[in-house]
Amino acid sequence: MLKATLRSFLAHKGRLMLSALAVILSVAFVAGSLIFSDTVTRTFDRLFASTSADVTVAPKEDLDEAVPSGQTPTVPASLQRRVAGVAGVKDAHLDVNVANITVVDRDNESVGPTTGAPTIATNWHPTDRSPVELTSGHAPHGADQAMLDADTADKKGVEIGDTLTVLARPGSFQVEVVGIATFTTTNPGAALVFLDTPTSQRALLGSTDVATSIEATAADGVSDAALKGRIAAELGSAYDLETAAEQADTAASELGGFLDVIKYVMLGFAGVAVLVGIFLIVNTFSMLIAQRTRELGLLRALGADRRQVRRSVLVEALLLGLVGSTLGLAAGIGLALGLIQLMGLLGMNLKSTEMVLGWATPVASYVVGVGVTFVAAYLPARRAAHVSPMAALADAEIAGVGRPLKVRAAAGAVVGAAGAAALVGCASAEKTSSAASLLGIGIVLTLIATVIAGPLLVRPVIRVLGGAFPAVFGTVGRMSQRNALRNPRRTGATAAALMVGLALVGGLSVASASMTKSFDRQIDKTLGADFVVQNSNFMPFSSEITGKVRDTEGAGLVVRQRFTPIALTLPDGKKVTSTAAGYGPRLDDVAKVTYAQGSSREALAPGRIGMDKDFAKKHGARLGDTLSATFPGGRGAKLTVGALTDQDSPEGFGVEGGLFMGFGTVEKYVPGGQDSALYVNAASGTDVDTLRKGLERTLDPYPQVQVRDQADYKELIRQQISVVLYLVYALLGLAIVIAVLGVVNTLALSVVERTREIGLLRAIGLGRRQLRRMIRLESVVIAVFGALLGLALGLVWGVAVQQVLALQGMKELAFPWSTIVAVVVGSVAVGLAAALLPALRASRMNVLAAIAHE
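Residues numbered from 1 in each chain as written. Predicted model: local features only at pLDDT ≥ 70, side-chain atom pairs only at ≥ 80, totals over all residues. Heavy atoms only, no water.

Visitor: A description of the packing of helix α12 (residues 432-465) against helix α23 (residues 768-806) should follow, citing residues and the corresponding values.
Guide: Direction vectors running N to C along α12 and α23 enclose 155 degrees, while the axes themselves pass 9 Å from each other. What the angle tells us is that α12 and α23 run roughly antiparallel. In the packing of α12 onto α23, the handedness of the crossing is right-handed. Grouping the constituent residues of the contact of α12 with α23 by class yields 20 nonpolar, 4 polar and no charged. (Axes fitted to C-alpha atoms, helices over the stretch in contact; angles between N-to-C directions. Helix = DSSP H or I, 4+ residues; strand = E, 2+ residues; numbered from the N terminus. Parallel < 35°, antiparallel > 145°, perpendicular 65-115°, else oblique. Left-handed = near helix turned anticlockwise from the far one by under 90°. Nonpolar A, V, L, I, M, F, W, Y, C, P; charged D, E, K, R; others polar.)

Take a look at the structure:
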């Protein structure tokens, strides 16, 4: 039996390789994601461990920033002397490190990275742990000198002697590049600007009396933990202390978020490849077994029992899984190398020679690859085991053409009813968490139900889709329609591969269109200013820019916005940490705020706070209540609820409660912050287009800041949502590639299965062109069937997703009709492309050989 199995596998290796491609793709994404993330993790672990100080004294972080406030936490510079005096400290120095800056050249072009990595200004204090070393020029001395990292200098064409402008919180200042520093470790992608210590304190922090941290080096024989304990005894609990290992762990956990995004995206691709690949493999083995009915019957007649036949098919599947997993692992290594090169283009210079291939990667690869093929081949293997010895005497099939679909109908109905109930429950749920859980259950169950019930829909749907074929294409059209109807199970499984990808696209397209429409409506409802001046990445900007905007000719009212973290103790006893916005006077002139109680005047008064009415109701807060508040740095305050809003606005970004207060209140408790936005109205008699040109001229030296109106804001939201859509379309592309392989495989095996039939058709006068057309039409109708099934399912999912989004304030429902039409048209193209090779092969058959085929 083993010899027969191996010969059978090798005899069908060409057909099986199409199925193996699905395994290869899924394993490649799994292996590539694991190799890449392991490589990045190990590289940065070494970087953090080798560059962190033995003990770092930093400001205590009591409140997390969900929205950037522009504050740079600092410690007194005088701490350096106290730390240096602690027994066991070999050296202690000030560290100044500020990321919220912009650096521009003489042409006002930013020299920082464009990939989202920060531009960091820091003081130059070289140690044996510095990640860079001076390679040309000299170190900076004085207020007008700076040093730049070599990667940024090369990329932006900056040379020693060039003048740069640094835009920092206290204001902008110019420096001459006097030196270039080269990374001795992995470059994480940031741009580094080095200043001397007094200049960095004064220009970046506004005072030489503060620093961002104190770094201490342990004397010989003193452990980091012991040194941390001694420094803590000296300083008390007012500051955060971390050893080098703790700093490395903190940095690694922050990096973990970035790695998780890449890993989960790639595993998402692997999941789609696995799911679609299962349909492909099931179909392939089902058809191969159907074509080998007489062969399997002969084995049974010669003494093979059912277990041996089943085992034979499963061994073929395992061989396929092993081959696919091995090739997929190799492809995954190549994919990881490609990602490493891509990171290099984005500024993160990883070394391919340090690529990590841990034991978990090949294990996961073979578990996925072999597991997928084994699971997919199990049902066809069981079906093969039921071939009777008498089948060897007849031209029989076990494809199940005529078997009733009653069991499938019942199972599909039960699972579908459960899925529909979950989606209905999702739509009626009042809490986001429960709605999301029901949504996930509903999506899984309805997908399973559609796959189970798919063959039941083949005959009624394809009769409609192919109804015009006989009239348009004559006898060829009628035969193509009947070929698609001949085996509903096979047609349903083939279409299911395409259905999965298109269901994802349909669902997320509805969700994204609904989000876009909801945000557009919210912008129309709330934004009343002519223009908003805001940083391109939503980071705060210096008061220097605020002054320039106010002085712009034609600028009338300018209302400032500033954010701050805040912790509120509410009447129900809960302490909620969120972000509050501070606004200048005359907010109603630039924003449309709907109040349930109170007004902007009362909310923005000194010592007052406004909040969303639903948030207030949830926590038992009422108009006039006095709440305890804590601001950054531990500053406490008593704030009175001055107004309750009814904005019905989308939530997100970790911001809870819709908290806002007067600008003066924010400045009182969080002095020295930075503005996040300026709402600007044109002065009386000034045209808005004229004001826009004036603002753009004013802000020309500040490339990080942009001027936006309502239309610009809407376009910005669309661009951000499009990022998700691009991922969806990439998933669709992968699903389509595998689905096309499935259609090709099905048609190719179908051509082999119908060799004698094709020979007879050719003998009675069917031309080569007519034969190719018949197969193309069959492929198109299967592809369109899968597309319609996927879109119908995806639209149902999309409506359910929108109901979950509605709980977050995004209550508009929209359907992307252009996308839907494009998908249907694209499915026709997919069908035509998939039929090319099978149709060509069929048309080239020798007529007499085909008729004589057994």
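Visitor: Describe the sheet that holds strand β14 (residues 239-243), listing the residues and the values that go with them.
Guide: If you walk across this open sheet you meet the 4 strands as β3-β13-β1-β14, and the pairing is antiparallel. The open sheet has two edge strands with one neighbour each: β3 (89-95) and β14. The average undirected angle you get between the axes of adjacent strands in this sheet is 20 degrees. When strand β1 (residues 55-59) meets strand β13 (residues 213-218), the two strands line up antiparallel, connected through 3 bridges. By the bridge assignment, V57 is partnered in β13 with I214. Most of the contacts of helix α6 (residues 224-235) go to β14, to which it runs at about 165 degrees, and overall it touches β1, β3, β13 and β14. (Pairing = 2+ DSSP bridges. Contact = heavy atoms within 4.5 Å.)

Visitor: Talk me through the pattern of salt bridges; I want residue IDs and the actual numbers.
Guide: Applying the stated rule across the entire model yields 16 salt bridges. Note that D54 is salt-bridged to R129, the shortest N-O span being 2.7 Å. Here R129 lies in the loop between β6 (119-123) and β7 (132-137) and D54 lies in the loop between α2 (13-51) and β1, a separation of 75 residues in the sequence. Among the residues examined, R129 registers a relative accessible area of 29% and is labelled partly exposed. Of the charged contacts in the structure, one is a salt bridge between E234 and R82, with a shortest N-O distance of 3.4 Å. Here E234 is found in helix α6, whereas its partner R82 is found in helix α3 (residues 79-84), with 152 residues between them in sequence. A relative accessible area of 38% places E234 in the partly exposed class. Classification of R82 as partly exposed rests on a relative accessible area of 38%. Among the ionic contacts, a cluster of salt bridges with common partners joins R560, R562, E667 and D675. (Salt bridge = Lys/Arg side-chain N within 4 Å of Asp/Glu carboxyl O. Buried < 20%, exposed > 50% of the residue type's maximum accessible area, 1.4 Å probe, protein only.)

Visitor: Any details on the environment of R486? Residues and values, ideally.
Guide: Among the secondary structure elements, R486 is positioned in helix α14 (residues 475-486). Each C-alpha atom, one on R486 and one on F279, is 19 Å from the other, the two residues being 207 residues apart in sequence. Of note is the side chain of R486, whose polar atom sits 3.1 Å from the side chain of N483. Among the polar contacts made by the side chain of R486, one reaches the side chain of E757 at a distance of 3.0 Å. (Polar contact = N/O pair within 3.5 Å; in protein donor to acceptor, adjacent residues only side chain to side chain.)

Visitor: Tell me about the side chain of T199, and please be specific about residues and values.
Guide: Position of T199 among the secondary structure elements: in helix α5 (residues 197-205). A relative accessible area of 3% places T199 in the buried class. Only 3.3 Å separates the side chain of T199 from the backbone oxygen of G142, close enough to count as a polar contact. Dropping the residues within four chain positions of it, T199 is found in contact with G142, A143 and L204.

Visitor: Which residues make up the packing of aromatic side chains, and what are the values?
Guide: The full count for this structure, using the stated rule, is 5 aromatic pairs. Seen in terms of ring centroids, Y583 and F660 are 6.5 Å apart; in terms of plane orientation they differ by 70 degrees. Their pairing is edge-to-face. Taken as a pair, Y583 in strand β17 (residues 575-583) and F660 in strand β22 (residues 660-662) lie far apart in primary sequence, 77 residues in all. Relative to Y669, the ring of F631 has its centre 5.0 Å away and its plane inclined at 0 degrees; by these criteria the two rings are stacked. Remark: Y669 occurs in helix α19 (residues 663-669) and F631 occurs in strand β20 (residues 626-631); sequence separation between them is 38 residues. Taking the relative accessible area as the measure of exposure, F631 reaches 0% and is therefore buried. The class of Y669 is buried, set by a relative accessible area of 13%. When the ring centre of Y713 is taken as reference, the NZ or CZ atom of R708 above it lies at 5.9 Å. (Phe/Tyr/Trp six-rings, centres within 6.5 Å; stacked < 30°, edge-to-face > 60°. Lys NZ or Arg CZ within 6 Å of the ring centre and 35° of its normal.)

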